[in-house]
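Below, each chain spelled out in residue letters.
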Amino acid sequence: MEDTETKNNSDVGSSLGKLFTGSIIIFTGLVLELGFGFFSRILVARLLGPFDYGAISLGTTLLTSLSTVAILGLRSGVARDLPRNTEESERRATIISSLHLAIPAGVLLGLSIVLLSKFIATNIFHNPSINPVIRIFGATIPLAVLFQLTIGISRGKQQTLPRVLLQNFLLPVSQFSLIYILIKVGYQSSGVSWAYFGSYLVVAVISIYYLTRHTVLMKSVKYRPKYRELLVFSLPLMTMGLMELVFKQLDTFLIGFYSTVETVGVYNSIYPIAILLTTVLISFRFLAMPILSELHSESNIQEMKKLFQSVTKWIFVVTVPLFFTIAFFPESTIKLTFGSDYIEGAAALSVVTVGFFTHSIAGLNGATMTSLGNTKMIMYDNIIVAIINFGLNVLLIPQYPLLGAAVATAVAYSILNVLYSYQLYTRTGLHPFTVQFGEMAIMATVFIISGKAIGSYFSPMSNLGFLSFILISSLVYFVIVLRFMTITDAEKELGDAVEQKGIDLRWGKIFFKLIRKYP
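This section reports on the structure supplied with the text. Since the model is a prediction, treat every value here as computed from it, not as a measurement.

**Remarks on the overall build of the chain**
When helices and strands are tallied, the chain shows 21 helices and 0 strands. A burial count over the chain gives 54% of its 519 residues as buried. Carbon together with sulfur atoms contributes 66% to the accessible area of the chain, which is approximately 22100 Å² in total.

**What to know about the layout of surface pockets**
Space inside the second largest pocket adds up to approximately 810 Å³. Forming the boundary of the second largest pocket are 27 residues, of which Leu-276, Leu-322, Thr-325, Ile-326 and Ile-470 lie nearest the centre. Of all elements in the fold, only helix 1 (2–48), helix 11 (279–297), helix 12 (301–328), helix 13 (330–337) and helix 19 (463–484) reach the threshold of two or more residues within the lining of the second largest pocket. Take the lining of the second largest pocket: its biggest share by element is 7 residues, from helix 1. Grouping the constituent residues of the lining of the second largest pocket by class yields 20 nonpolar, 7 polar and no charged.

**Some words on the packing of aromatic side chains**
What the rule picks out here adds up to 27 aromatic pairs. Where Tyr-53 meets Phe-338, the ring centres are 5.9 Å apart and the plane angle is 45 degrees; that geometry is what we call tilted. Of this pair, Tyr-53 sits in helix 2 (residues 50–70) while Phe-338 sits in the loop between helix 13 and helix 14 (346–361), placing them 285 residues apart in sequence. Neither residue differs from the other here; Tyr-53 and Phe-338 are each classed as buried. Each ring, one from Phe-324 and one from Phe-447, has its centre 4.9 Å from the other, and the planes form 55 degrees; the classification is tilted. Separated by 123 residues along the polypeptide, Phe-324 in helix 12 and Phe-447 in helix 18 (residues 435–458) bring together distant segments of the chain.

**Describing a nonpolar patch on the surface**
The grouping of Leu-111, Leu-115, Leu-116, Phe-119, Ile-124, Phe-257 and Tyr-258 at the surface amounts to a nonpolar patch, some 690 Å² of accessible area in total. Mapped onto the nonpolar patch, the elements with two or more residues apiece are helix 4 (88–124) and helix 9 (250–258). In terms of residues, the nonpolar patch owes the most to one element, helix 4, which gives 5 residues. Tracing the sequence through the fold places Tyr-258 in helix 9.

**Describing the side chain of Thr-333**
By secondary structure assignment, the location of Thr-333 is in helix 13. Once residues lying within four places of it in the same chain are set aside, the contact partners of Thr-333 are Ile-273, Thr-325, Ile-326, Leu-349 and Phe-466.

**Details of the pattern of salt bridges**
Taken as a whole and judged by the stated rule, the model has 2 salt bridges. A salt bridge links Arg-224 to Glu-229, with the shortest nitrogen-to-oxygen separation between them at 3.1 Å. Residue class for Glu-229 comes out partly exposed when judged on its relative accessible area of 35%.

**Considerations on unusual backbone geometry**
Geometrically, the link from Ser-459 to Pro-460 is a cis peptide bond, its omega value of -5 degrees lying close to zero. Positionally, Pro-460 belongs in the loop between helix 18 and helix 19. Despite not being glycine, Leu-72 has its phi angle at roughly 60 degrees, a positive value. Mapped onto the elements, Leu-72 comes out in the loop between helix 2 and helix 3 (74–81). Exposure remark for Leu-72: the relative accessible area of 16% places this residue in the buried category. You will see that His-126, though not glycine, has its phi angle at about 55 degrees, which is positive. Relative to the elements of secondary structure, His-126 occurs in the loop between helix 4 and helix 5 (131–156).

**Some remarks on the environment of Leu-372**
Residue placement: Leu-372 occurs in the loop between helix 15 (365–371) and helix 16 (375–396). In the structure, Leu-372 is positioned 52 residues away from Leu-424 in sequence and 9.6 Å away in space, judged by C-alpha atoms.

Reading the values: the criteria
- Residues numbered from 1 in each chain as written.
- Predicted model: local features only at pLDDT ≥ 70, side-chain atom pairs only at ≥ 80, totals over all residues.
- Heavy atoms only, no water.
- Helix = DSSP H or I, 4+ residues; strand = E, 2+ residues; numbered from the N terminus.
- Buried < 20%, exposed > 50% of the residue type's maximum accessible area, 1.4 Å probe, protein only.
- Areas by Shrake-Rupley, 256 points an atom, 1.4 Å probe, with all protein chains shown as cover.
- 1 Å grid on protein atoms, 1.4 Å probe; cavity = no way out; pocket = protein on both sides within 12 Å on 5 of 7 lines; lining within 4 Å.
- Points joined across faces, edges and corners; volume = space filled by probe spheres on them.
- Nonpolar A, V, L, I, M, F, W, Y, C, P; charged D, E, K, R; others polar.
- Phe/Tyr/Trp six-rings, centres within 6.5 Å; stacked < 30°, edge-to-face > 60°.
- Patch = residues over 30% accessible without salt bridge, like charges linked within 9 Å, V, L, I, M, F, W, Y side chains within 5 Å.
- Salt bridge = Lys/Arg side-chain N within 4 Å of Asp/Glu carboxyl O.
- Contact = heavy atoms within 4.5 Å.

The values reported here are purely geometric and, on their own, carry no functional implication.
Put into structure tokens, the structure is as follows:
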């Protein structure tokens, strides 16, 4: 019995090591992506003002929404299908079939937006001056579809480098560079829109190179098209994607419809701040789905459970300081980032941050549901949540554009994660909560209450003073947590597995020994 437990812990450590090693790369890439993406938004918002930033935000929201529709759920579909096929003919069939399905859909939707851009600008957003912005972003849709599908293919091959290179580095860096150049030349929103088109053109060209040179796409291997097999799994995900768009993007569209482009700009200053809370979750989730899918195919539920719980605990630990900063000091956060012109969104920022925090601490529930193949259940959950979110948006946004959208988003994410967690537990026994998680929650609560009291005493603070306060508070929090938290056997195995992969944890262990005894 002891040998079996030891073997299970070793297996968990191996899987955690694989996940953690890849997640270090993904997390580094995400820091680059979010950093450049965040500063690109700040650049537009500060230098062009709320109206032009609002116009750009409508364009990017349109691009994100319709490229999600056009890809037909295939980004996740190919990521799940490729690891399950060892034959080159099957892998080639998956890649070619997904391209045949997604690319024409992207071209069709993009062309439709280009042709209807004037109607959309005039009759939906009541501002004909943003017509060029909508047209340019419409033309970008096919490029975005090709790029997103390539990321799905690389994910299915469990390769982290293509995503890091394309999505986390080249896209945001080229975007930021082009935005800076075009603003310095003197362009407003319509001219700056070309920066987004240009950046997607760059990654689309490199995507073609990757697909032709580093996959089986161009190999002379006979294949049988897999349109039906892919769509059976992916179409529910597309429906899920559509429902996700309702509670991720609908608020921006409805603010544009019921209010002004300037208000859209303010809302899209708080949303990217709040979404920073999901950084750690996304980095782990990217690799978690294929690994959890592999464990499920081996019927190794016990290892899935330990992996699920360990990762969730660490996501929670790392996310707490960011939640504390944004939710409890929203005015200072907005002033530090987007500037005083956007300060009216402070109350809405606190509310929407709570929603994203619940999304983060719920752990890997969405990825786990997908890895188990429960896409229909995911679809039903998203339909329910989308209907609730739609109703709240329509009810609240006309009278309270910013706060109403924030409440709808927070409620939607909270309900969705409750549904996911309940269904995972009833179907598999998986849940993210342990005694160790409870310990972390108590420490986090003490940290937030005491930190808020100290911060309020020193308010108002300058930007430099606020930044210094947050850094010192976060350092104290991490020292206390690492000193008193319980480290499981699986997590110790994780450290060994990571070191075996060539990552030097020596300095981390030295720091760890300074604050607690580490065997």
